[in-house]
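# Chain and residue survey
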Amino acid sequence: MNAASLDPRLLSDYAWSAWASLGVPGWDRGTFAACVDVEALILFTATIDGLDPRLRQEALSWCVSNIDLISRSRIGGLLRNEGASQDGRWQGFASTLSALTKRPWPQAAGPAERIEVRPVGVRADDPQALALRTRGLMGATSRSEIVRALLLNEPGARVGMRELLEETGFTRKSASDALGGLELAGVVRSSRVGNAARFELRGRASLDDLLGPLPRVRESQRLLLRVTCALLRAAQDLQNASERVAHVESVRVASEIEKVIQAARPGRAADTDSLESIVTWCRGGLERALEPGD
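The following paragraphs examine the structure supplied in this document. The numbers attached to residues start from 1 for each chain and follow its sequence in the written order. With the structure being a predicted model, the display of local features is reserved for residues of pLDDT at least 70 and the display and counting of side-chain atom pairs for 80 or more, all residues being used for whole-chain, interface and lining totals. To obtain the side-chain values, all non-hydrogen atoms of the structure were used and water was disregarded.

### Let's talk about the sheet that holds strand β3 (residues 196–201)
Pairs of strands are assigned from DSSP output, requiring at least two bridges between the strands. We count a stretch as a helix when DSSP gives it H or I for four or more residues in a row; a strand needs E for two or more, and each element gets its number in order from the N terminus. Here three strands make up an open sheet; going across it, the order is β1-β3-β2 and the pairing antiparallel. The two strands at the open ends of the sheet, each matched to only one other strand, are β1 (159–160) and β2 (188–193).

### Some points on the pairing of β3
Where β1 and β3 come together, two bridges link them in antiparallel fashion. Looking across to β3, one finds that Gly-160 is bridged to Arg-198. Where β2 and β3 come together, six bridges link them in antiparallel fashion. Bridged to Arg-189 within β3 is Glu-200. Joining the antiparallel neighbours β2 and β3 is a turn of two residues, in which Gly-194 adopts a positive phi near 70°.

### Quick notes on the packing of aromatic side chains
Aromatic pairs are defined between Phe, Tyr and Trp rings, using the six-membered ring for Trp, whenever the two ring centres lie within 6.5 Å; interplanar angles under 30 degrees are classed as stacked, those over 60 as edge-to-face, and all others as tilted. For the structure shown, the criterion picks out four aromatic pairs. Put simply, the rings of Tyr-14, Phe-32 and Phe-44 pair up and form one aromatic cluster.

### Quick notes on unusual backbone geometry
Between Gly-212 and Pro-213 the backbone carries a cis peptide bond, its omega angle lying at 5°. By the secondary structure assignment, Pro-213 is in the loop between α10 (204–211) and α11 (221–237). Unlike most non-glycine residues, Lys-102 shows phi in positive territory, near 60°. The residue Lys-102 is located in the loop between α5 (88–101) and α6 (130–138) in this model.

### Comments concerning α5
What a helix is expected to span follows from its residue count: subtract one and scale by 1.5 Å. The first and last C-alpha atoms of α5 sit 20 Å apart over 14 residues, in line with the 20 Å expected at 1.5 Å per residue. Relative accessibility under 20% of the residue-type maximum defines a buried residue, over 50% an exposed one, and the middle range a partly exposed one, all with a 1.4 Å probe and only protein chains included. Across the 14 residues that make up α5, a large majority, eleven, are buried. Looking at α5, one finds that the buried residues are Arg-89, Trp-90, Gln-91, Gly-92, Phe-93, Ala-94, Ser-95, Thr-96, Leu-97, Ser-98 and Thr-101. A contact between two residues is defined here by any heavy atoms of the two lying within 4.5 Å. Tucked into the core, α5 has its buried residues touching α2 (38–47), α3 (53–65), α4 (72–82) and α11.

### Here we look at the environment of Gly-203
As for its position among the elements, Gly-203 is in the loop between β3 and α10. For Gly-203, a relative accessible area of 45% translates into the label partly exposed. Each C-alpha atom of the pair Gly-203 and Gly-76 lies 32 Å from the other, and the pair is 127 residues apart in sequence.

### Brief notes about the nonpolar core
Considering soluble globular proteins, one finds that nonpolar side chains tend to be buried as a cluster. For this analysis, a nonpolar core means a set of buried residues of the types Ala, Val, Leu, Ile, Met, Phe, Trp, Tyr and Cys, connected via side-chain atoms within 4.5 Å. Membership of the largest hydrophobic core comes to 65 residues, with the highest contact counts inside it found for Tyr-14, Trp-19, Trp-62 and Trp-90. Here this core gets nine residues from one element, more than from any other, and that element is α11. Residues within four places of Trp-62 in sequence aside, it is in contact with Trp-19, Leu-22, Gly-23, Val-24, Val-38, Leu-69, Ile-70, Val-120, Gly-121, Val-122 and Leu-132. Listed in part, the 22 residues of the second largest apolar core include Cys-35, Leu-130, Ile-146 and Ala-175.

Shown next as structure tokens:
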């Protein structure tokens, strides 16, 4: 399996730029064009091999300093959805976070790193920090994630429950309860298309004014990082496999990833039906998130 075409420098640049957008010092904060997905970024940071030790320390420091802006329950949901429960890199990262924050983190296992952390603040006024603003208003909850997800869709777009579950990582019950509360508050409107419920924001212009500005790139970073991490895990698992086994497994992995992409983007043309096209899709998404504005 060839995930080597995902340039490690591109992965590192993405991580540095995204974390800088949340307040981590040491990088040009103006270079990230998408909406940072906080929990997906934490999992991504734990997955990258050979990560700059300074970035790892800064990311851990940000998590410790801003624990109330992180949804650990959502991290657990993302891990279950991604089938990454046996990823030792995450388990070690989570164990370190558990020791540093004195709170339980999903699937923490093994010894914690001895690492010095320092206070790291946040700046939530940039377009890419939309998630921090929704959490400042509603907490690190399923409600704030649903509002963020709906804001990243075009005005008037009606989004299905399955798409919201794929994006947020919360359980159906948690998402349903959150949507019920948002509808009661007049923030969300529901309608039915056939047998399926669809959801859209009410008073979109007012929400744009309240929570904006919105990022220029509005593609799902949760989906992008989920697929990128799946490619990296598969590449690691198959690095010593025979050519025949690697080919068979590559076809299987590509098929599984394609299903994930189609579930998150229902009704869209299939442009990721081979491993090569999936790697190309990932590379393009990472590069677009780093494209400077006009």
